[in-house]
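Listed below are the residues making up each chain.
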Amino acid sequence: MKKIIATILLFNILFFNTALADDIIKTTYKYPSYDSLYLNGDKYEDINRRIFYLNLKLNKLFVKRVHILWASLFPTFIIDSLNSVYSNIEYPKRLVSSLLQRDFEAVKHESKRFFINTTLGVAGLMDIASKYFDLELYNEDMEQALAKCKVKCGNYLVLPFVSSITTRDMFGRVLDFLLTPTTYIASPVAAAVKLGLLINRTLQIQPIIKMVESNFADSYDIAKKFYGVDKYIKLSNYDRKNVLASIKDDYDEIDLVQNKKEKILQVKGSIKGENLVVSMPNDELSADIILNDFNPQNPILDSMRTALFDMVDNEKSIWAENSVWNRDFSKKIKTASVEIVPNLEKYKFRYILQKDKKSPLVIIFPSIGEGINNSHGNVMAKMFYKKGYSVVIIGSHFQWEFLKSLDKNYKVGFIKDDVKYINKLLNNIISYLSNKYDRVFLERTAIGTSLGAYAVLFLANEQYEQGANNIDKFIAICPPYELLYAVSQIDEIINSWQRYPDDLRQKVAVTTAKVLRVFKEKEKLNKDFKVLPFSNYEAKLISAFIFHQKLSDLIYTTEKKINPDLDDKLIYNKVYNSNFQDYIKNYLLDKHSYDEIKSTNTLSSISNYLINKDNYKIYHSLDDYLISQSQLKELKSYCDDKLVLFNNGAHLGFLYRDEFINALRQEIDLNNKKLAQSKK
């Protein structure tokens, strides 16, 4: 085996450019490039991109159809059992890899697993070792052994059907194949069994492909990021629970000092927005709803609890997502498209209609950068649908899909202009559904979260100024008050990347591994939740990636619309040097002055509507970091009891709480009662 590895190392050096080491490649970018952090760049990007998009087409034409057929033949528990069998068969690969790495703890661990699952688990059909003995899989492979033997990762490549890979990974997979016992069983029956196991195991790629294609403007770039981080996590054993738990986090003490500085700045009255992340309590504002036993951590971490909203009333089918028999609520929601601007690309939206042709309609506006497949939209859709509403889900207006449906030189971000297109979109959607299904939507409600809530309120003001009545009720959850202030707060989080650059690669990988661990154990988290298992700095890294990725998608689409032939490397040079304030400078100031953006993109500019109308409800929390206390007080002066304040939850972090869900359901019921009275 050592001779094989030596041969591979020599071949790697001679034929695959590995002059770059695995150490972090320094760049002049303001924000990190994942090519630099986790891969040796992307030397063959042009051809890699072509093959990547060819793979997506091949998947759509062939592979996906095979997976749908397979998932429709077998329910999830059979698919899981077959994967467990396959994993058990691969024990020799993990054993040899662990021995070559001299990781004798892993050798012992995996040998125990193999013995238990082979005997008590009936040849591996059940993963008894994980379920009852707390011996989860150590997913060791031969690439990890090669890395331990100092084989460099080589170039990043995309191969037909295989997709992302590096030189080292390629050789590792060859060795894995040679160490798998089924490789040496040759017969037509054995070949059919192996093909079935391969189809079964690769079934999980379909939800990932769907997520990548539907949520990101540049599928290639995000797939490369995921691959690079995932490989680093595996090579560092951060996918092991005990290794992850043993890593000491000393960043909270540094953040505590920083937070104290930020609080001092607020006390002094330096509320300019550039350095603020923590909101100060205010004696003049009191909560309308108290969240008992919330156990607040800090505003950014508390805001991340919004992910728990995805688990509300979450029923799961016994069939895999790709199965034609899967009838989860989200699978019942249909997709259609309408034009916003004539003769330009159509905009997709999702909808589900009641049988009652006069049912009320709700339109759901998601948070910044979210598309039509956002998980919060599905949860809210289910809540409204159960109350008798037909539902439409649209994407954020500050998102790449919305931008692609607009004029070539249009840039999103100036809310007064954006809302005119939003209004056209809603009118076209309602007209489409009314004509196709012979519907009369007597009562129409718009509900939005975060920037979607901001858009909902400006849409309400647009109707108020025009004297129109297309929407009857508006519900806004955590809208920013002043766009430039909110942007500066987000940029402060994004700048977390710059604070500790020396070990950023490790820190990002550890944080990502923790996120994957939480996702893996989400059912347990939902049941036993007390606090999120992240430090303050890790919360900032997670939020920074999410915010910057949404900005990346928007910049990429903006540049491609203006010049479709523009080199992707040039676009990403802009992406990695831009935050949200840079976006405003680079894309909005050519049409609007800074003072115009500041004075218009604020809820104070629609104060007449907020004061004079009562067809809206706003939900907010006292510690939302995207709105200052002075802004919250001003909003309260406009809205009075139409503004409902929670004592905790920061930005959207109270969505999963029963107190909020019950308040929202009461609001929905109130709308239905008014509709019933109007019908009489």
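The notes below deal with the structure included here. (Residues numbered from 1 in each chain as written. Predicted model: local features only at pLDDT ≥ 70, side-chain atom pairs only at ≥ 80, totals over all residues. Heavy atoms only, no water.)

## Topic: the overall build of the chain
For the chain, the helix and strand inventory stands at 31 helices and 10 strands. Pairs at least 24 residues apart make up 77% of the contacts formed inside the chain by residues separated by at least 6 positions. Approximately 31000 Å² of the chain is accessible, and the part contributed by carbon and sulfur atoms is 57%. (Helix = DSSP H or I, 4+ residues; strand = E, 2+ residues; numbered from the N terminus. Contact = heavy atoms within 4.5 Å. Areas by Shrake-Rupley, 256 points an atom, 1.4 Å probe, with all protein chains shown as cover.)

## Quick word on unusual backbone geometry
For Ala-123, which is not glycine, the phi torsion reads 60 degrees and is therefore positive. Note on placement: Ala-123 falls in the loop between α6 (104–119) and α7 (128–133). On the accessibility criterion, Ala-123 (46% relative accessible area) is partly exposed. In this model, Ala-650 sits at a positive phi of 50 degrees, which is unusual for a non-glycine residue. With respect to the helices and strands, Ala-650 occurs in the loop between β10 (643–646) and α31 (658–679). The exposure class of Ala-650 is buried, given its relative accessible area of 0%. (Buried < 20%, exposed > 50% of the residue type's maximum accessible area, 1.4 Å probe, protein only.)

## A closer look at the side chain of Ser-488
In this fold, Ser-488 is placed in helix α21 (residues 483–494). Given the relative accessible area of 4%, Ser-488 is considered buried. Among the polar contacts listed, one links the side chain of Ser-488 to the backbone oxygen of Tyr-485, at a separation of 2.6 Å. (Polar contact = N/O pair within 3.5 Å; in protein donor to acceptor, adjacent residues only side chain to side chain.)

## Thoughts on empty space enclosed by the protein
One pass over the structure, following the stated rule, counts 4 cavities of 30 Å³ or more. One number sums up the size of the largest cavity: a volume of about 210 Å³. Residue lining of the largest cavity: 20 residues in total, with Ile-368, Phe-398, Leu-451, Leu-483 and Val-487 positioned closest to the centre. Where the lining of the largest cavity is concerned, the elements lending two or more residues are α19 (415–437), α20 (451–466), α21 and α27 (580–588). (1 Å grid on protein atoms, 1.4 Å probe; cavity = no way out; pocket = protein on both sides within 12 Å on 5 of 7 lines; lining within 4 Å. Points joined across faces, edges and corners; volume = space filled by probe spheres on them.)

## Description of the packing of aromatic side chains
Under the defined criterion, the tally for this structure stands at 33 aromatic pairs. Considering the side-chain rings of Tyr-38 and Tyr-232, the 5.3 Å spacing of their centres and the 65 degrees angle between planes classify their relative orientation as edge-to-face. Within this pair, whereas Tyr-38 is found in helix α2 (residues 34–38), its partner Tyr-232 is found in helix α12 (residues 219–235), the two being separated by 194 residues in sequence. Tyr-38 sits in the buried class, given a relative accessible area of 9%. Judged by its relative accessible area of 19%, Tyr-232 falls in the buried class. Relative to Phe-654, the ring of Phe-646 lies with its centre 4.4 Å away and its plane at 20 degrees, an arrangement referred to as stacked. For Phe-646, a relative accessible area of 0% gives the class buried. Ring pairs connect the aromatic residues Tyr-34, Tyr-38, Tyr-232, Tyr-238 and Phe-545, which therefore count as one cluster. Above the plane of the ring of Tyr-138 lies Arg-240, whose end atom (NZ or CZ) is 4.1 Å from the centre. Its guanidinium or amino end placed over the ring of Phe-294, Arg-305 lies 4.1 Å from that ring's centre, counting from NZ or CZ. (Phe/Tyr/Trp six-rings, centres within 6.5 Å; stacked < 30°, edge-to-face > 60°. Lys NZ or Arg CZ within 6 Å of the ring centre and 35° of its normal.)

## Here we look at the packing of α12 against helix α23 (residues 504–520)
Interaxial distance between α12 and α23 falls to 9 Å at its minimum, and their mutual angle equals 90 degrees. As summarised for this structure, α12 and α23 are arranged roughly perpendicular, according to the angle between their axes. For the pair α12 and α23, the contacting residues are Val-229, Tyr-232 and Ile-233 in the first and Arg-505, Gln-506, Ala-509, Thr-512, Ala-513 and Leu-516 in the second. (Axes fitted to C-alpha atoms, helices over the stretch in contact; angles between N-to-C directions. Parallel < 35°, antiparallel > 145°, perpendicular 65-115°, else oblique.)

## Points about the environment of Leu-504
Within the element layout of this structure, Leu-504 appears in helix α23. Here Leu-504 falls in the buried class, since its relative accessible area comes to 6%. In contact with Leu-504, other than residues within four places in its own chain, are Pro-32, Leu-37, Tyr-38, Trp-497, Tyr-537 and Leu-541.

## A short note on a positive patch on the surface
Together, Lys-60, Lys-64, Arg-327, Lys-331, Lys-332 and Lys-348 line one region of the surface with positive charge. Of all elements in the fold, only α3 (45–73) and α16 (329–332) reach the threshold of two or more residues within the positive patch. Here Lys-332 is to be found in helix α16. (Patch = residues over 30% accessible without salt bridge, like charges linked within 9 Å, V, L, I, M, F, W, Y side chains within 5 Å. Salt bridge = Lys/Arg side-chain N within 4 Å of Asp/Glu carboxyl O. Lys, Arg positive; Asp, Glu negative; His and termini not counted. Charge placed at Lys NZ, Arg CZ, Asp CG, Glu CD.)

## Some words on the sheet that holds strand β6 (residues 390–393)
Strands sit in the order β3-β4-β6-β5-β7-β8-β9-β10 across an open sheet of 8 strands; the sheet is mixed. Lying at the two open borders of the sheet, with one neighbouring strand each, are β3 (334–338) and β10. This sheet shows a mean twist of 20 degrees between the axes of neighbouring strands, independent of strand direction. Both β3 and strand β4 (residues 347–352) contribute to a ladder of 5 bridges, which runs antiparallel. Across the sheet, the residue bridging to Ser-337 is Lys-348, located in β4. Against the sheet, α19 contacts β3, β4, β5 (361–365), β6 and β7 (444–449), and its axis sits at roughly 50 degrees relative to β4. Of the strands in this sheet, β9 (616–621) and β10 touch helix α30 (residues 629–639), which is tilted by about 155 degrees from β9. (Pairing = 2+ DSSP bridges.)

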